[in-house]
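# A look at the structure
If you want the building blocks of each chain, they are given just below.
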Amino acid sequence: MVSMKNIADRCQVSVATVSKALNNHSDVGEDTKLRIKQAADEMGYHPNAAARALKTHRSYNIGILLRDEANSGLTHEYFSEVLDGLKVEAEQRGYDITFINSHNNKMTYYEHCKYRNLDGAVIACADFDDPEVVELVNRSLPTVTIDYIFNNCTSVSSDNVKGMRELVLYILNKGHKRIAFIHGEKKSEVTKERVASFHRTLEEFNVEVPDEYVRASEYLNATKAEKITKELMSLKEPPTCIIYPDDLSYSGGLNAVRDMGMSVPENVSMAGYDGIKLAQIFNPKLTTVKQNSKEIGKLAAQQLISAIEKPKTTFVQRIMVEGELLPGETVRTLS
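The structure contained in this document is the topic of the report that follows.

Basis of the calculations
Residues numbered from 1 in each chain as written. Predicted model: local features only at pLDDT ≥ 70, side-chain atom pairs only at ≥ 80, totals over all residues. Heavy atoms only, no water. Helix = DSSP H or I, 4+ residues; strand = E, 2+ residues; numbered from the N terminus. Buried < 20%, exposed > 50% of the residue type's maximum accessible area, 1.4 Å probe, protein only. Contact = heavy atoms within 4.5 Å. Pairing = 2+ DSSP bridges. Axes fitted to C-alpha atoms, helices over the stretch in contact; angles between N-to-C directions. Core = buried A, V, L, I, M, F, W, Y, C linked by side-chain atoms within 4.5 Å.

## A short note on the overall build of the protein chain
For the protein chain, the count of helices and strands is 12 helices and 12 strands. Each principal axis of the C-alpha atoms in the protein chain carries an extent, and together these give about 85 × 45 × 35 Å. Buried residues in the protein chain amount to 48% of all 335 residues. Of the contacts formed within the protein chain by residues at least 6 apart in sequence, a portion of 68% connects residues at least 24 apart.

## Digging into the sheet that holds strand β9 (residues 269-271)
Pairing in this open sheet of four strands is parallel, and the strands run β7-β6-β8-β9 from one edge to the other. Each of the sheet's edge strands pairs with one partner strand only, and the pair in question is β7 (214-216) and β9. Across the sheet, the mean angle separating the axes of adjacent strands is 15° when strand polarity is ignored. Bridge count between strand β6 (residues 179-183) and strand β8 (residues 241-243): three bridges; the pairing is parallel. Directly across from isoleucine 179, in β8, lies its bridge partner cysteine 241. The sheet contacts of helix α8 (residues 160-173) involve β6, β8 and β9, and relative to β8 the element is tilted by about 170°.

## Focus: the pairing of strand β1 (residues 61-66)
Where burial is concerned, most of β1 is hidden: six out of the six residues are buried. Neither face of β1 is exposed, since Asn61, Gly63 and Leu65 on one face and Ile62, Ile64 and Leu66 on the opposite face are all buried. Direction of pairing for β1 relative to strand β2 (residues 96-99): parallel, over a ladder of four bridges. Across the sheet, asparagine 61 pairs through a bridge with aspartate 96, a residue of β2. Where β1 and strand β3 (residues 120-125) come together, five bridges link them in parallel fashion. Pairing of isoleucine 62 across the sheet is with glycine 120, part of β3.

## Points about unusual backbone geometry
The residue after valine 264, namely proline 265, is reached through a cis peptide bond having omega 5°. Topologically, proline 265 is positioned in the loop between α11 (247-259) and β9. Each neighbour pair has its own omega, and for asparagine 283 with proline 284 the value is 5°, a cis peptide bond. Along the chain, proline 284 falls in the loop between β9 and β10 (288-290).

## Some points on the nonpolar core
In this structure, Ile146 and Val156 are the most contacted members of the largest nonpolar core, which totals 26 residues. Where this core is concerned, the elements lending two or more residues are β1, α5 (77-92), β3, β4 (143-146), α12 (293-309) and β11 (318-321). The element contributing the most residues to this core is α12, with seven residues. When residues no more than four places from it in sequence are discounted, the contact partners of isoleucine 146 are Tyr78, Val82, Val122, Ile123, Ala124, Phe128, Val156, Ile296 and Ala300. Within the second largest apolar cluster, 19 residues are counted, among which are Ala180, Met233, Tyr244 and Tyr250.

Okay, structure coming up:
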């Protein structure tokens, strides 16, 4: 097995210089770094994980907690892209990832992290009121949350307030005044932000929202969205546009209006949220807000690794990642 000493002998530098070069320390010149790294590649050098862990007191392994109420997990494009962005960034920085679970209630999330000797954890999706989640955040283990705010750890979130505002403004500019919103679970921080932004934007333009136009559903539940859509379209004064909690739920709404002998956007306009690839191959193409999910995952990994490696210079932040409005074809212009 090739060692750092072998590389040092070949490059005629000290073992300490080889170590610094391979770990990108700033006190080694770029030319020397390049020469050492090239030699390491040519000689087939691979760092010994056990030796590195012994020296740094770190496992170079971070945990991911991903438990959504719909049990969609990695089958949901948003979460899979968040994880992909997180995984790529972590691996580039020399870290592996491990999914956190409670081992059928034999261990708490925090206990599982300690059992696996994890250096930190990203809470990508969970019931944030769960005592096990609260315990994980309140312990000494570095943590970063996605789309939820705790006072004592950094969060990385999609800018739901701005995203919903831009979507509502787009619909208003198309001439719509009777706008309904089928939203996700009420206790979700994402839902609270989107609902508040929805009401605030319409209030700003003096557009009244009847109580029956704002309806609670669940994320990724097309069946429930279909039922609520039929109820909305059966009102004495139905909405001219319906916003859905996510793009998958929109498919339920689309089925509902077709069952009622109507079409989108001729009889009713619709808009989604998330910007998943499937939504862009619907006919008609869905109007939605695309979340920059890979960037969210990347930033979460960066923030967590910074907290692990530089705890003295790390402070709690709330990082917002903007999305992008995709106009689509499902919101028609009213005369």
